[in-house]
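Chain by chain, the residues:
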Amino acid sequence: MANGKVGAVLVVGGGVAGIQAALDLADSGFKVYMVDESPSIGGVMAQLDKTFPTNDCSMCILAPKLVAAGRHPNISLITNSEVLGLSGEAGNFEVKIRKRSRYINEEKCNGCGLCAQKCPVEAIDTYNKGLTDRSAVYVEFPQAVPLRYKIDREKCIGCKTCQEVCKANAVEYDQKDSEITLKVGAVILAPGFEPFDARLKSEYGYGRYANVVTSIEFERILSASGPYGGIVLRPSDGEIPRKIAFVQCVGSRDAQLGNLYCSAACCMYSIKEAIIAKEHVPTKLDCTIFYMDIRAYGKEFDAYYKRAQEEYGIRFVRSRVASITEDPATGNLFVHYVGEDETPRVEEFDMVVLSTGMQPPKNVEKLAKALGIKLNKYKFCETGAFTPLETSKPGVFVCGAFSSPKDIPESVAQASGAAAKAMAIIAPERGKLVAVKEYPPERDVSQEEPRIGVFICHCGINIGGIVRVPEVVEYAKTLPNVVYAEDNLYTCSDDTQKRIREKIKEYNLNRVVVASCTPRTHEPLFRETVREAGLNPYLFEMANIRDQCSWVHMHEPDAATEKAKDLVRSVVAKARLLKPLKNPTVNVTPAALVIGGGVAGMTAALELANQGFEVHLVEREKELGGHLRKIYYLLEGEDPQDHLQKLVKAVMENRLIHVYLGAEVVEVSGFVGNFKSKIRLNNGEEKQVEHGVVIVATGAVEYKPKEYLYGVDPRVLTQHELEEKIAKGRFNARKVVMIQCVGARNEERPNCARICCGQAIKNALKIKELDPDAEVYILYKDVRSYGFKEEYYREAANKGVIFINYSDDRKPKVSNEGGKLKVSFYEPVLKQEIQIQPDIVVLSAATIPNPDNKRIAEMLKVPLTKDGFFLEAHMKLRPVDFQTDGVFLCGMAHSPKYIDESIAQACAAAARAATILSKKVLEMEGIVAKVDEDLCSGCKICESLCPYGAIEMLEKEGKTVAHVIEALCKGCGVCGTACPTKAIVLGHFTTEEILAQVRAIMREMEVAAK
Amino acid sequence: MSQDSHPPRIVCFMCNWAFCEEEMRIPYNVDVIRVMCIGRMDPALVLETFIKGFEGVMLVGCKPPDCHFVDGNLHAERAVKMLKKLLALAGLEPERLKLLLVAPLEERAFSHYAKEFSEEIWRLGNSPLKKDEFIANLTAAKEAASAFRLRVLLGREEELTEFMNAYGEKIPEEEFDALLDDVVKAEYIRYKIHYLTRIKPRSVKELAQILGLKPFAVLRHITNMRRKGMIALDRVEGYTPLYKALEVR
Amino acid sequence: MSETQKDFEPKIVGFLCNWCAYAGADLAGVSRIQYPPNIRVIRVMCSGRIDPAFILEALKNGADGVLVAGCHLPSDCHYLSGNFKALRRVMLLKKVLKDFGIEPERVRLEWVSASEGDKFAAVVRDMVEQIKKLGPNPLKMEAKK
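Along every chain, residues carry numbers that run from 1 in the direction the sequence is written. The order in which chains are written sets their letters, starting at A; the order in which ligands are written sets their numbers, starting at 1. Totals for whole chains, interfaces and linings use all residues, but because this is a predicted model, local features are given only for residues with pLDDT of at least 70 and pairs of side-chain atoms are given and counted only at 80 or more. By convention in this description, side-chain values take in all heavy atoms of the structure and omit both hydrogens and water.

So, about the nonpolar core. Residues and elements named next belong to chain A. Core analysis: the biggest nonpolar cluster contains 343 residues, and Ile188 and Phe218 have the highest contact counts within it. In DSSP terms, a helix is any run of H or I states spanning at least four residues, a strand is any run of E spanning at least two, and both are numbered starting from the N terminus. Broken down by element, this core gets its largest block of residues, 12 residues, from helix 21 (residues 899-917). Here, two residues are considered to be in contact whenever any of their heavy atoms come within 4.5 Å of each other. The contacts of Ile188, once residues within four sequence positions are left out, are Val9, Leu10, Val11, Val12, Ala21, Leu25, Phe397, Cys399, Ala418, Ala419 and Ala422. Nonpolar core, defined: a set of buried Ala, Val, Leu, Ile, Met, Phe, Trp, Tyr and Cys residues in which side-chain atoms within 4.5 Å join the residues together. Buried means the residue's accessible area, taken with a 1.4 Å probe over protein chains only, is under 20% of the maximum for its type, while exposed means over 50%, and partly exposed covers the values in between.

Quick look at the arrangement of the chains now. With two pairs of chains in contact overall, the contact-richest pair is chains A and C. In this assembly chain B lies apart from chain C, the nearest approach of their C-alpha atoms being 20 Å.

Residue and element names in this part refer to chain A. Being paired, for any two strands, means DSSP has found at least two bridges between them. Taken together, the three strands give an open sheet; going across it, the order is 42-43-44, and neighbouring strands pair in antiparallel fashion. Both outer strands of the open sheet, strand 42 (813-817) and strand 44 (832-836), are each paired with one neighbouring strand and no more. When strand polarity is set aside, the average angle formed by the axes of neighbouring strands in this sheet is 25°. In this structure, strand 42 lies alongside strand 43 (residues 820-827), joined through five bridges in antiparallel fashion. Each residue of the ladder has a partner; that of Glu817, found in strand 43, is Lys820. Axis definition: a line fit to C-alpha positions, over the contact stretch in the case of helices; interaxial angles, taken between N-to-C directions, run 0 to 180 degrees.

So, about empty space enclosed by the protein. All names here are of chain A. Buriedness of a pocket was judged along seven lines, with at least five required to meet protein on both sides within 12 Å; pockets are open sets of points on a 1 Å grid over the protein atoms alone, cavities are sets where a 1.4 Å probe fits but cannot get out, and lining residues have an atom within 4 Å of a point. Grid points are joined across faces, edges and corners, and a volume is the space filled by probe spheres set on the points. All chains considered together, the criterion is met by 15 cavities of 30 Å³ or more. Roughly 180 Å³ of internal volume is contained in the largest cavity. Taken together, 16 residues line the largest cavity, and the ones lying closest to its centre are Lys299, Pro409, Glu410, Arg754 and His894. Only helix 9 (408-426) and helix 21 provide two or more residues apiece to the lining of the largest cavity. For the lining of the largest cavity, a count of residues per class yields five nonpolar, four polar and seven charged. Any residue outside Ala, Val, Leu, Ile, Met, Phe, Trp, Tyr, Cys, Pro, Asp, Glu, Lys and Arg is labelled polar, Gly included; the first ten of those are nonpolar and the last four are charged.

So, about the interface of chain B and chain A. Taken residue by residue, the interface counts 33 residues in chain B and 40 residues in chain A. Once two parts are put together, the accessible area they lose, assessed with a 1.4 Å probe and summed over both, is termed the buried area. Between chain B and chain A, the buried area comes to about 3100 Å², and carbon and sulfur atoms account for 54% of it. By convention in these notes, a salt bridge is any Lys or Arg side-chain nitrogen within 4 Å of a carboxyl oxygen on Asp or Glu. Seen at the junction of chain B and chain A, the total is nine salt bridges. Between Arg220(B) and Asp133(A) there is a salt bridge, with the nearest N and O atoms lying 3.0 Å from each other. In protein, a polar contact means a hydrogen-donor-capable atom and an acceptor-capable atom, both N or O and within 3.5 Å, with residues adjacent in sequence counting only if both atoms are side-chain atoms; elsewhere, any N or O pair within 3.5 Å suffices. For the pair chain B and chain A, the number of links is 22 residue pairs in polar contact (both at pLDDT 80 or more). No other element matches helix 8 (residues 215-227) of chain B, which puts eight residues into the side of chain B that touches chain A. The class makeup of the residues in the side of chain B that touches chain A is 18 nonpolar, five polar and 10 charged.

This part covers the interface of chain C and chain A. Each partner contributes residues to the interface: chain C has 49 residues there, and chain A has 54 residues. When chain C packs against chain A, close to 4800 Å² is buried across both sides, 60% of that on carbon and sulfur atoms. At the junction of chain C with chain A, the criterion picks out five salt bridges. Between Arg40(C) and Asp566(A) there is a salt bridge, and its shortest N-O distance comes to 2.7 Å. Viewed at the interface, chain A and chain C are joined by 21 residue pairs in polar contact (both at pLDDT 80 or more).

This paragraph deals with unusual backbone geometry. Note: most peptide bonds trans; most residues except glycine with negative phi. All names here are of chain A. Looking along the chain, the bond that leaves Phe52 and enters Pro53 is cis, with omega of -5°. Along the chain, Pro53 falls in the loop between strand 3 (50-51) and strand 4 (56-57). Here the bond from Val145 into Pro146 is cis, since omega is -5°, no more than 30 degrees from zero. By the element assignment, Pro146 lies in the loop between strand 10 (137-138) and strand 11 (150-151). One non-glycine residue with positive phi stands out, namely Lys379, at about 75°. Note that Lys379 resides in the loop between helix 8 (364-371) and strand 24 (396-398). A residue is classified by how much of its surface remains accessible, and Lys379, at 34% relative accessible area, is partly exposed. In the Ramachandran plot, Arg745 falls in the positive-phi region, its phi being about 50° despite a non-glycine side chain. When its relative accessible area of 12% is taken as the criterion, Arg745 is described as buried.

Okay, structure coming up:
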């Protein structure tokens, strides 16, 4: 601490954003204290059933992160606690925390749950949104991290039963709240949001009518681990509903309540809930969504919206629901609404789901005061368009829904971004406060017979509801070399990891098989577990009996059970042959290659340079700035050109950033930690650079419309052209028609271009500012002014901008009649065709992928979406990663987005890159090829086949033999398959192992067929 | 259980130390069963006695401070309080259960008390419950009385209300009584649901009708029973899920 | 021989590459797209790892069909070009299958991306139907005789 800085960060809030920030910081050499008010981490995401637009099971993708955060040696979880105060300054804060008593000793409790089983008192189960009860001593959910019980002091009667049954002596009734003081260099706020209290919208009857539920309650109703076991039931009578209404914007976009903002995620989660409800209900279910605008503005969201309508037959009704009444005899609900044709209607439903919006977190004012940060008028955290991650206090950063309502991927991107911001402050202290993870010495199992332990997961009811798991367990016990088998409710949970380690010891296991979900997500977790028990991590194998069995054969329990047995037998056959492998290591070149010099690329470069890493920034154009150069003003009022100039100056003046203008990356070779790339400079020369990571920030381009007389009549412009006209004082039209969704949301490009609604509103407001009497018409499909942008939509409408809805079957027409521009369109309220003769027509042209993406994607071996944007590793939880290690993306290369979003992603990419660049040595995957030099004939076939140049030929004892450069080997196994003498073998996928799997699968099948 | 045909059949569980009369006269309609201490009586056994067809149960113990086992009599008082709650829930007159605490040198003879109680039961007449309903309700009451939750609360009542709980606080009698009321009721309903769904799978609505409860409340009990492994979904008929009881460990 | 055409349930062994096809099969699961339970999947890192010997071993042991699935041509392969190698190997194998008395249609090569859960399910459905028409693996029939 020579410079007085502290290499630790406080993360406030343990939801998905807080967890991501904590993991990024901890993985790049900083100590993290994560404080959460709840007794366990996970936040709202832990309560969700599925996530849009991939319908991934929320808990399934979150649980590995929970476990990773829970077991990370550099992360201290301080749950059931609150922040009391912050003093000091950026780099060296002192933070005071109150740890509220759990009445259970966290060190002693092993989460066995006996106390909860025996507790005589019941309390309302808040995790399940009050739809059922739990005991007074409890954990929030079965996969809770930390899996430590807590006594609900409000409900506990002090009967001492738990104390008597607790084998670990963990119950401490006299435990007192305690205060701790921590020293940290930076603070990241991720306290999330509070769902709107639907009782305040009394006309909807929530709290009075049993069958009116909120969206989070409905998530629990949908969840297999929820109170109804995943069957959609009406709370009033336990019947399966036939007709469900979803009412949008409850607590959002509501002037009466003073919540003028849009909650940004509700449209999509309602569509998701409707889809999942239809999947869960065995009988016919009608879902209707009452909405004002469907705001499916994110990546691939519109395609999902379309599927909801066309594939699932979900009905969408554009209207604001006036009130809901109940038929007390049946519990059915009457939804009173005004249809698009302005006539009041009433429709009967069995159940109503209120899509409740996001509010600032509870006790937000106390938190703001404790930390000394400013809140905006809605009491969300105040941030700026160019500083989306910064609070009003230096050194205190923000991410997730606390700065504005947002969905998971944006929260995750912001979280990584905030981590980068924090890293920059305390970069010199990296590595000083962290623990080095120690593993027990690896047991030598080479002389032992295989002793296999099999752990079979119920995954709640995801597997166990279809596959008869106990039967598979009994079957597994009969397989050769299996000495132990058991079933688990969730094999991935923290407590099961402990069990696996214990069973390895108890039964002296030397191979472990888990039959659960997909190894693509869960293999690392279990490998780590066996490693912690002193086994080589590659003495582990997985059978996928969920994603590829129970979930795809939901109506065939017998066949699914048989298949699960086959799959278990097959991996047991492989496990018998598994051999330990060693993870090779590579040195890391602590430099980055950033492709694209727009706002995203420049921000990413600066963030990395601020942490002390060298950056090569390559821009195809002759100047930096990209898209931002064409933006002259923002909705929020800040000056983008001023920001651009400052950014360019900072980049150009930074010693660590090498800027290549008019240049192109033409070749990338190597791998994570050790890339070598060729840059073609503007003088035609090629320069080779070495770097450890790549960040793709190639941006996007404006669509050049082919429709509405664009390019034919000079009075038809795009929004960018209009903006330039206005900015340069060349605008003088008095009557303007804007047409939205040009080149987007159509057959060719089904998805929304996200930023055009904001652009149109921005330009319309500017026109009104210049000339309040100017007439502006915006013809739209849905106004997608999400988050706080909603206010500007309202402002525009108040200032007389006229918004007119059009549908795909009645698109507006633009014509030139006798030299006059004419726009005709159908007015849905008046129910007639209207014609206007505007001075200009402005087209909100879509933002479309950079045409260069395809070349870059092929060069980097990373995928593109159907639309042509770059496709990240995971839509929800890995928004700036690629599946390929060491390659990241940010900005509009990912999808269209506003400047603040690009900046957040750019910071995120920098943080993710820093998790690699901060390491001198990177440990690689151990699955690599190996050569048996005695068998090798030196034929060189493998050398010519290897796509990575990972094989070289060496002279050894007068003989030419192949040799594998382990750091380059990616483990594809192409060499081994081609080798004529079978001298080259891919570890963990040896020919013997795979053949054993094949035979094991087929053998029993024959038996079954007889 | 016909009123006219015969005097009511009564069982009297009697403390070994009460009524040490040399030659105790016992009315012929009363069976006396000696126990070591009335405080050690299993509440479930009392309910079982009703199920077996007896129309009144009398518990005889020693008047404080004379319990041979220090506080068995106080314990019996609390058990009877709970049993009376259960009897009321089951639709049987709580007066059919009587706790009599007598001094070692009680003046009046046992036969006097037995006769008095017999007459009281006689006046109550037959239970208004039909045979199968009677069995269902009393079985539910008996199983509730055996439930761990109730046993714990009963066992701890004295400590919690008269001395102090784990936090050094004393829980007011009324507060504890209210809690006990809730728990007794919940356990009774859950075991009644369990009894009914043992016979055949039933829906929430059907159960609500039988129990005279709102379906809303029944569904909530079912969610809790599911959590405790007492019940499971059997099948869905049309739009109606039917539940069946699981064997309770 | 009681295995008539009608109630013949073919057994299919699938060799799927980790990055595209296996991920696509996972996506089918996540999306709950239902398909017949006749396939058993073996995961390999790359379709280029799939040795014709694996396919033959499966057929020899009585598999009625073998599915090989990898990343789309030309450039989806996580290992750059493993899929081309798979293509060549499977094409060659199909040529020799006839000599063994096995219909080449029993071995199928497909490209399935990580975002094509529906395609994976459709491939399995289609394959099961096709192999039902072909009937049981002739090697297995011979063995039974």
